[in-house]
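The chain contents come next:
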Amino acid sequence: MPFISKDWRSPGEEWVKTDEGWEKKKVLECTAQRYAAISNFNNIDEKQQKWIQEGEEGDKSTADTVARVPPHCHITIKCTREIAGFNGLSEAVRRLDFSSAVRDVRRFNYICALLELLLGGQRLTHLPGAAQKLLLSMLEQLADHVATSKHNLNALRALVVALSGLREAERRACWGRPLGSRALWRHHDRAIARITRIAQGIHIHEPGPEVVPKLHDLPEECIREIMLRISDHRDLDAASSAWSVMASVCSEQRVWRELVMFHFTQQQLNTVLTKEEKDVDWKKLFHQLRKLYGLREEAQYAETLSLCRHCKCLFWRSLGHPCIADQCPEYRERLKEAGGPLPPHPVPPAAFLKFFSL
């Protein structure tokens, strides 16, 4: 028998019209720019208009007294009989405010690595339509930020190359046209064209003679201190081919020794390095350890997502999140008896994608 009346089991979600489509009200509340994307204000109902106006007035009048909820997202780690559900990638990206994270220098590399995994490891048609549009929107905002700041141009070019290759592969997937909605792919084609145009229009010019000092004017000691703070061996190789002074500094054993000590533990070092060995080629040792153990993934990013072990919530550690360990006095007492709260677990980009059915 068909169920005609209103389903009482409905979660009662409230939706708001934005520039990117309809979005849940509770998702918008977790973003940094809460009402900036809302459009067509005159076309929505009176209840939503009143909510928006009260929210804007509340943000202005009670900004000092009411703290805005930091970006966070609850994750279902394991489905049970009592807790059944799945995690949505597009909702998690919105809740964690990845769009604003693109413009944060601490989180930029994390977002780039996540986009690289989505473009390289997953075919675009395997993602939901909302996730596809959100992925391209994030990439376009990243391109705008790189074009404005003139930083991380190589990261943008690598993503554009991966996106172009993915687009060509999808074009040949199904009888000479992409598999999926034609209207959705027309939207994708326009977004990809904009991203490519932004990337091709970026030109970095050498500073004029009035800008001093330049890199070539710095003493060798300063160049060495710069090289010692680089954590990626590919950047060292690129710097070596750019300037003869950098090449001589990068050939020093101290630079590669510091890189080995940064990425690997003493126990890992002892498995390869013998006690009788005195003259160590640290560059060769670094590549040997890299192939054997891999690099520390969490050390490649200034900030990563963290997973709270108490409330199973993903959040940015620098921003925090509303946790049951802070809000419930009884739970805090139990934590004190058990030895104190557990530290959050770092979540690299590859581990973040494992929470979703991609």
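Look above for the structure.
This section reports on the structure supplied with the text. (Residues numbered from 1 in each chain as written. Predicted model: local features only at pLDDT ≥ 70, side-chain atom pairs only at ≥ 80, totals over all residues. Heavy atoms only, no water.)

### Some thoughts on the overall build of the chain
Defined as follows: Counting from the N terminus, the helices are DSSP H or I runs at least four residues long and the strands are E runs at least two residues long. When accessible area is computed with a 1.4 Å probe and restricted to protein chains, residues below 20% of their type maximum are described as buried, those above 50% as exposed, and intermediate ones as partly exposed. Should any heavy atoms of two residues lie within 4.5 Å, those residues are considered in contact. Each accessible area value is a Shrake-Rupley result obtained with a 1.4 Å probe; residue values ignore everything except the protein chains displayed when judging cover.
Secondary structure summary: the chain contains 17 helices and six strands in total. Taking all 358 residues of the chain together, the buried fraction comes to 37%. Once local pairs closer than 6 in sequence are excluded, the contacts in the chain between residues at least 24 apart make up 63%. Taken as a whole, the chain presents about 22300 Å² of accessible surface, with 52% of it coming from carbon and sulfur.

### Section: the sheet that holds strand E3 (residues 72–74)
What counts is decided by this rule: For two strands to be treated as a pair, DSSP must find at least two bridges joining them. Between N-to-C directions, angles cover 0 to 180 degrees, with each direction set by a line fitted to C-alpha atoms, over the stretch in contact for helices.
Strands sit in the order E3-E5-E4-E6 across an open sheet of four strands; the sheet is antiparallel. Two strands in the sheet have a free side with no partner beyond their single neighbour: E3 and strand E6 (345–347). This sheet shows a mean twist of 30° between the axes of neighbouring strands, independent of strand direction. Sheet topology places strand E4 (residues 305–307) next to E6; three bridges connect them, and they run antiparallel. If you follow Leu307 over to E6, its bridge partner there is His345.

### Overview of helix H14 (residues 282–293)
Going by this rule: A helix is expected to reach a length of 1.5 Å times the quantity of its residues less one.
For H14, which comprises 12 residues, the first-to-last C-alpha distance of 16 Å matches the rise-based estimate of 16 Å (1.5 Å per residue) to within 8%. Where the residues of H14 are buried, they touch helix H10 (233–242), helix H12 (253–263) and helix H13 (266–272). Following H14 by one or two positions, Gly294 adopts a phi angle in the positive range, close to 80°.

### Section: the environment of Ser357
Along the chain, Ser357 falls in the segment after helix H17 (349–353). Judged by relative accessible area, Ser357 falls into the exposed class, the value being 75%. For Ser357 and Leu89, which are 268 residues apart along the polypeptide, the C-alpha to C-alpha distance reads 8.5 Å.

### A short note on the layout of surface pockets
What counts, and what does not: Cavity: a set of points on a 1 Å grid over the protein atoms alone where a 1.4 Å probe fits but cannot get out. Pocket: an open set with protein on both sides within 12 Å along at least five of seven lines, its lining residues, like those of a cavity, having an atom within 4 Å of a point. Grid points are joined across faces, edges and corners, and a volume is the space filled by probe spheres set on the points. Classification used: nonpolar for Ala, Val, Leu, Ile, Met, Phe, Trp, Tyr, Cys and Pro, charged for Asp, Glu, Lys and Arg, polar for all others including Gly.
For the largest pocket, the calculated volume is near 1600 Å³. Lining the largest pocket are 43 residues, with Asn109, Asn152, Ala155, Asp232 and Asp235 sitting closest to its centre. At the level of elements, helix H5 (108–120), helix H6 (129–149), helix H7 (153–171), helix H9 (220–228), H10 and H17 are the ones that each hand at least two residues to the lining of the largest pocket. Of the residues that constitute the lining of the largest pocket, the class distribution is 24 nonpolar, 11 polar and eight charged.

### Remarks on the pattern of salt bridges
Here is the rule: A carboxyl oxygen of Asp or Glu within 4 Å of a side-chain nitrogen of Lys or Arg is what we treat as a salt bridge.
Applying the stated criterion across every chain, the model contains nine salt bridges. Arg107 is paired through a salt bridge with Asp104; the nearest N and O atoms lie 2.8 Å apart. As far as burial versus exposure is concerned, Arg107 and Asp104 are alike and both buried. Ionic contacts of the salt-bridge type, sharing partners, join the residues Asp104, Arg106 and Arg107 into one network.

### Topic: unusual backbone geometry
Val212 connects to Pro213 through a cis peptide bond whose omega is -5°. In this structure, Pro213 sits in the loop between helix H8 (182–200) and H9. Within the chain, Lys150 stands out as a residue other than glycine whose phi angle is a positive 60°. Relative to the helices and strands, Lys150 resides in the loop between H6 and H7. For Lys150, a relative accessible area of 36% corresponds to the partly exposed category. Here the phi dihedral of Lys312 falls at roughly 50°; this positive angle occurs in a residue that is not glycine. One can find Lys312 in the loop between E4 and strand E5 (313–316). A relative accessible area of 34% places Lys312 in the partly exposed class.

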